[in-house]
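# Coordinate analysis (summary)
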Amino acid sequence: MSSKRPIGIKAYDAPAGGWGALRAVAKTLASQQIVAQGSATLRRANQPDGFDCPGCAWPDPRHASSFEFCENGAKAITWESTAKRVGPEFFHQHSVSELWTWSDHKLEDQGRLTQPMIYDSTLDRYQPIGWDEAFTRIGEGLNALESPHQAEFYTSGRASNEAAFLFQLFVRAYGTNNFPDCSNMCHEATSVGLPQSIGVGKGTVLLEDFDACDAIFSFGHNPGTNHPRMMATLHDQARRGVPIIVFNPLKERALEKFASPQNPVEMATLSSTPIASAYHQVKAGGDLAALKGLMKAVFERDDESLARGEDGVLDRAFLAEHTLGLETVRQDIDATAWAEIEDVSGLSREALTSAADIYIKAKNVIACYGMGITQHAHGTENVQQLANFLLLRGNIGRKGAGICPLRGHSNVQGDRTVGITEIPTEALLTGMEKAFGFRPTGEKGHNAVEAVDAIHAGSAKALICLGGNLAVAMPDTDYTFEAMRKLDLSVHIATKLNRSHLLTGKTTLLLPCFGRTDLDVQASGPQSVTVEDSMSMVHASRGFLNPPGPLLRSEPAIVIGMAKATLGDRYGIDWDGMLENYDRIRDKIEIVFPDFAGYNARVRVKGGFRLTVGASDRVWNTSTGKAMFLVARGLQEDGERLADDALVLTTLRAHDQYNTTIYGMDDRYRGVFGRRDIVFMNAEDLAERGLAEGDRIDVRSLVSGDGRARGVEGYTAVAYDLPRGTIAGYYPEMNAVIAMADHDKRSGTPAYKGVPVKVSASNPA
Ligand SMILES: Nc1nc2c(c(=O)[nH]1)N[C@H]1C(S)=C(S)[C@@H](COP(=O)(O)OP(=O)(O)OC[C@H]3O[C@@H](n4cnc5c(=O)[nH]c(N)nc54)[C@H](O)[C@@H]3O)O[C@H]1N2
Ligand SMILES: Nc1nc2c(c(=O)[nH]1)N[C@H]1C(S)=C(S)[C@@H](COP(=O)(O)OP(=O)(O)OC[C@H]3O[C@@H](n4cnc5c(=O)[nH]c(N)nc54)[C@H](O)[C@@H]3O)O[C@H]1N2
Ligand SMILES: [Mo]
């Protein structure tokens, strides 16, 4: 590597966590002007009587941790409880065209929205509007459509169970299942893949299983940044001597070494704990091959053991009693050559066999995974091969073992549980009929990709967003932006200003809502909401800060306002009663979803309660009643479309970001400071193209489908320790490169982590 590196790029040698994390917390508090109350706020996060941290969905031990040391949780909370405000004066000063030129960071950094606003195209400005009039406009807009199927209703995963349940009630009473949802961009491959494999689309482990496991396999997740509280778990297990085997194209610092801010010795001595015992830098999109390689090695060891007259290494009693389909998977694996596995995964047979040996030696194995597995054209198959791998030795449904998808938003799992789905089950429809006296339509609705396609085609004309930043989160930036500008009605229920709000249609409304930290008082008194974490634990969350202004409303109140204005008294739903006291919403949830029986009482018990996950007890709710071994054809779907000089782009979250919310411009653990306009590349891949670190490059998509050219220009190349053939850039900037058509056909998950691209010098002339 050349001695002079690009501006803002330097080696970062310190462990993750440690004093750097504490300094970052202090800096965040100061930037949001809440130094005085800040640390008190942080102490109430994830306490039994406090609020649920909006940062991530990782559970807390007994729901009571010394939380103030979680750097990225602190960022999420301070970002929401900021003292900065965006009111009518702000919108008076800045036209929408002017705001469009601001960065995503600057837009959100203006602070909390305080008043309902409507876009006025003659002034090119947002203007104040009263709540009643806002709701009337929404009701009129929705009722003017030829069919309810012309409207799309988006949910981002921060919405509480109560808000999400009311939202689906409103939309189903209105008459459609068009529920695009952030989960469609995230763990949909899990929601589609795992039910076919093990009968439930959720993780099977509990926090205490980690204390009883003998090995952890980690695929494609970056907990030091995205699930920081998980680091405490991994840190404990690493110190206990549990092998942690990582599959990730990037050497993520927190998976290499971590200094726990909760550990006084590590803090005092500037020492740290190694996390991964083996680090396999799989190529982006190479996991299917890696997983087949792992299984192939297990089968080989099994054959060797049997040949020696021993019992083999598979859990034959479990396989016979609980599973079907092993033979067909075995045939597929036998037919897959090592050379091909090595080529596609970028990992050697020896490396994969050594990992398989650790798997075999361990009695209990947990496999954790994130977006590196799901966000691929073959995301569903990735998830199912991971389930196959665990099933070989009975590693699902017993203490210390299981599958552990790392969920995204703090309540993305709960939103799905309480009915946000474009494909309602029969149980949901009959439950709704029982609770509300009407049977909603069962017609399949739109997921996120289908919704944007429908809006672009003009067949959908209205979009209502319960949170999020849909236009920036989705792939195919130009196409998605074009679509949003065609809408007749767009409504955003939000805490902060973002770019989706600036993509105005004929009528565009911006409705400010409370966040997790805000105290929500209704007619019966202060209200709690409930959320479900990654391990299916449901618990209450109550904010305590004074809301940012008198005109904000809670999400349930806003959904109810829209519902009443749209539906009148259709079906005689008691909207006012539910608003008065959220217990009444939970009473209805429990009628629709019997698993919540005793909801109000159980959620008042410290730590909440767990929903049923059949597979955790080896109850397999699949079509056969057994856990299913499922075959994935080939090693990658995009095999043929990869030209010789093609590279595979994966898109990443920086350390200072929460999805489309950019807290700051650093990515400390990867050695990037003050910028995001870079692309990480292997030095040899650069050299092969006559490029060097620091050169400005263009990245172009090789997938089109519709003849459009997609790409980004003038990014700076950074030499990075990546497998040959893999390059990496930041989400959301790189969404401009990704075609809408490039998604997992089974789950609809965009292939954000496996985009075939070509890289060339910018302005070669
Ligand atoms: N602070 C913070 N916390 C967050 C979020 C945030 O943005 N910021 N987002 C929340 C949300 S919605 C989600 S879904 C989660 C996301 O959490 P993660 O799943 O950790 O998300 P990513 O950062 O997108 O990518 C994870 C890892 O996948 C690796 N990777 C990339 N491509 C591949 C591949 O092909 N194979 C393998 N094996 N690995 C690959 C990357 O190097 C990276 O380390 O975090 C949640 N928590
Ligand atoms: N290239 C690429 N694209 C990706 C991904 C990737 O890895 N790579 N990841 C995908 C994933 S996993 C996800 S989940 C999506 C995320 O997609 P979204 O969920 O749509 O995006 P967020 O950035 O989380 O939404 C941020 C906005 O939510 C609003 N908000 C924050 N808190 C609240 C609240 O309490 N209530 C309400 N009503 N609004 C609130 C604020 O206005 C803020 O601007 O992005 C996806 N896009
Ligand atoms: Mo996500």
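Residues numbered from 1 in each chain as written. Chains lettered and ligands numbered in written order. Predicted model: local features only at pLDDT ≥ 70, side-chain atom pairs only at ≥ 80, totals over all residues. Heavy atoms only, no water.

This next bit is on the pairing of strand β17 (residues 507-512). For a regular strand, the rule is simple: side chains alternate between the two faces of the sheet. Of all 6 residues that make up β17, 6 are buried, and the element is covered over most of its length. A two-sided burial pattern is seen for β17, the buried positions comprising Thr507, Leu509 and Leu511 on one face and Thr508, Leu510 and Pro512 on the other. For strand β16 (residues 489-494) and β17, the ladder comprises 6 bridges, and the chain directions are parallel. The residue of β17 that forms the bridge with Val491 is Leu509. (Buried < 20%, exposed > 50% of the residue type's maximum accessible area, 1.4 Å probe, protein only. Helix = DSSP H or I, 4+ residues; strand = E, 2+ residues; numbered from the N terminus. Pairing = 2+ DSSP bridges.)

Taken together, 31 residues lie near ligand 1, and Glu252, Asp287, Arg653, Gln657 and Asn659 sit nearest. Between ligand 1 and the protein, one listed contact pairs an oxygen atom with a backbone N or O atom of Gly285 at 2.8 Å. Between ligand 1 and the protein, one listed contact pairs a nitrogen atom with a backbone N or O atom of Gly372 at 3.2 Å. For ligand 1, whose accessible area on its own is 920 Å², the fraction buried by protein is 99%. Of all elements in the fold, only α11 (223-226), α20 (371-374), β24 (647-652) and β25 (657-658) reach the threshold of two or more residues within the shell around ligand 1. (Near = heavy atom within 4 Å. Polar contact = N/O pair within 3.5 Å; in protein donor to acceptor, adjacent residues only side chain to side chain. Areas by Shrake-Rupley, 256 points an atom, 1.4 Å probe, with all protein chains shown as cover.)

Another aspect to go through is the site of ligand 2. For ligand 2, the set of nearby residues contains 32 residues, the closest of which are Glu108, Tyr154, Glu555, Thr660 and Tyr731. The contact in question runs from an oxygen atom of ligand 2 to an N or O atom on the backbone of Lys496, over 2.8 Å. Thr651 has a polar side-chain atom sitting 2.9 Å from a nitrogen atom of ligand 2. Compared with its free state, where it exposes 930 Å², ligand 2 has 97% of that area covered by protein.

A few words on the side chain of Thr353. Here Thr353 lies in helix α19 (residues 349-361). You can call Thr353 buried: its relative accessible area is 13%. When neighbours within four sequence positions are excluded, Thr353 is seen to be in contact with Ala297, Arg301 and Trp338. (Contact = heavy atoms within 4.5 Å.)

The next subject is the sheet that holds strand β1 (residues 16-17). With respect to topology, 3 strands assemble into an open sheet ordered β1-β9-β10, the strand pairing being mixed. Among the strands making up the open sheet, the edge pair consists of β1 and β10 (273-274). Here strand β9 (residues 257-259) pairs with β10 via 2 bridges, running antiparallel. Each residue of the ladder has a partner; that of Phe258, found in β10, is Thr273.

Turning next to the sheet that holds strand β11 (residues 278-280). In spatial order, the strands read β11-β8-β7-β13-β14; together these 5 strands make up an open sheet with parallel pairing. Looking at which strands have only one partner, the edges of the open sheet turn out to be β11 and β14 (402-405). If you compare each strand with its neighbour and ignore which way they point, the axes differ by 15° on average. Strand contacts of helix α21 (residues 379-391): β7 (215-219), β13 (365-369) and β14, with the helix running at about 170° to β13, the strand carrying the most contacts. (Axes fitted to C-alpha atoms, helices over the stretch in contact; angles between N-to-C directions.)

Bringing helix α18 (residues 338-345) into the picture now. Those residues of α18 that fall on the buried side of the exposure criterion are Trp338, Ile341, Val344 and Ser345. Down the axis of α18, the smallest arc covering the buried residues is 140°, so these residues share one side. Those residues of α18 that are exposed and angled more than 90 degrees off the buried face are Ala339 and Asp343. Structurally, α18 contributes buried residues whose contacts are with α15 (287-307) and α19. (Arc of directions from axis to C-beta.)

The biggest cluster of nonpolar side chains holds 61 residues, and the ones touching the most others in it are Leu142, Phe153, Phe170, Phe436, Met562 and Trp575. No other element matches helix α8 (residues 161-174), which puts 10 residues into this core. Those residues in contact with Phe436 that lie beyond four places of it in its chain are Phe165, Leu169, Tyr571, Ile573, Met578, Lys588 and Val592. Val200, Ala297, Leu319 and Leu635 belong to the second largest nonpolar core, which has 54 residues in total. (Core = buried A, V, L, I, M, F, W, Y, C linked by side-chain atoms within 4.5 Å.)

To continue, consider the packing of aromatic side chains. Inspection of every chain in the model, using the stated rule, returns 27 aromatic pairs. Above the plane of the ring of Trp100 lies Arg499, whose end atom (NZ or CZ) is 4.9 Å from the centre. (Phe/Tyr/Trp six-rings, centres within 6.5 Å; stacked < 30°, edge-to-face > 60°. Lys NZ or Arg CZ within 6 Å of the ring centre and 35° of its normal.)

The subject of this paragraph is the pairing of strand β27 (residues 678-681). Alternating residues of β27 divide into Ile678 and Phe680 and Val679 and Met681, and every residue in both groups is buried. Two strands pair when backbone bridges link them, and β27 and strand β29 (residues 711-719) are joined in this way by 4 bridges, in the parallel orientation. Counterpart to Phe680 in the pairing with β29 is Val718. Examined bridge by bridge, β27 and strand β30 (residues 726-730) share 2 bridges and lie antiparallel to one another. Bridge pairing in β30 places Met681 opposite Ile727.

A few words now on unusual backbone geometry. Most peptide bonds take the trans form, and the phi angle of most residues other than glycine is negative. A cis geometry characterises the amide bond from Tyr731 onward to Pro732, with omega recorded as 5°. One can find Pro732 in the loop between β30 and β31 (755-761). Even without glycine at this site, Asp124 takes up a positive phi of about 55°. Residue position: Asp124 is located in the loop between β4 (117-120) and β5 (125-128). Residue Asp124 is classed as buried on the basis of its relative accessible area, which comes to 16%.

This part covers the pattern of salt bridges. Inspection of the entire model under this criterion finds 47 salt bridges. Between Asp334 and Arg330 there is a salt bridge; the shortest N-O distance is 3.2 Å. One end of the pair, Asp334, and the other, Arg330, are both in helix α17 (residues 326-334), 4 residues apart, so they sit about a helical turn from each other. Among the residues examined, Asp334 registers a relative accessible area of 44% and is labelled partly exposed. Residue classification places Arg330 among the partly exposed positions, given a relative accessible area of 22%. Put simply, Arg675 and Asp677 hold a salt bridge, and the shortest N to O gap is 2.8 Å. (Salt bridge = Lys/Arg side-chain N within 4 Å of Asp/Glu carboxyl O.)

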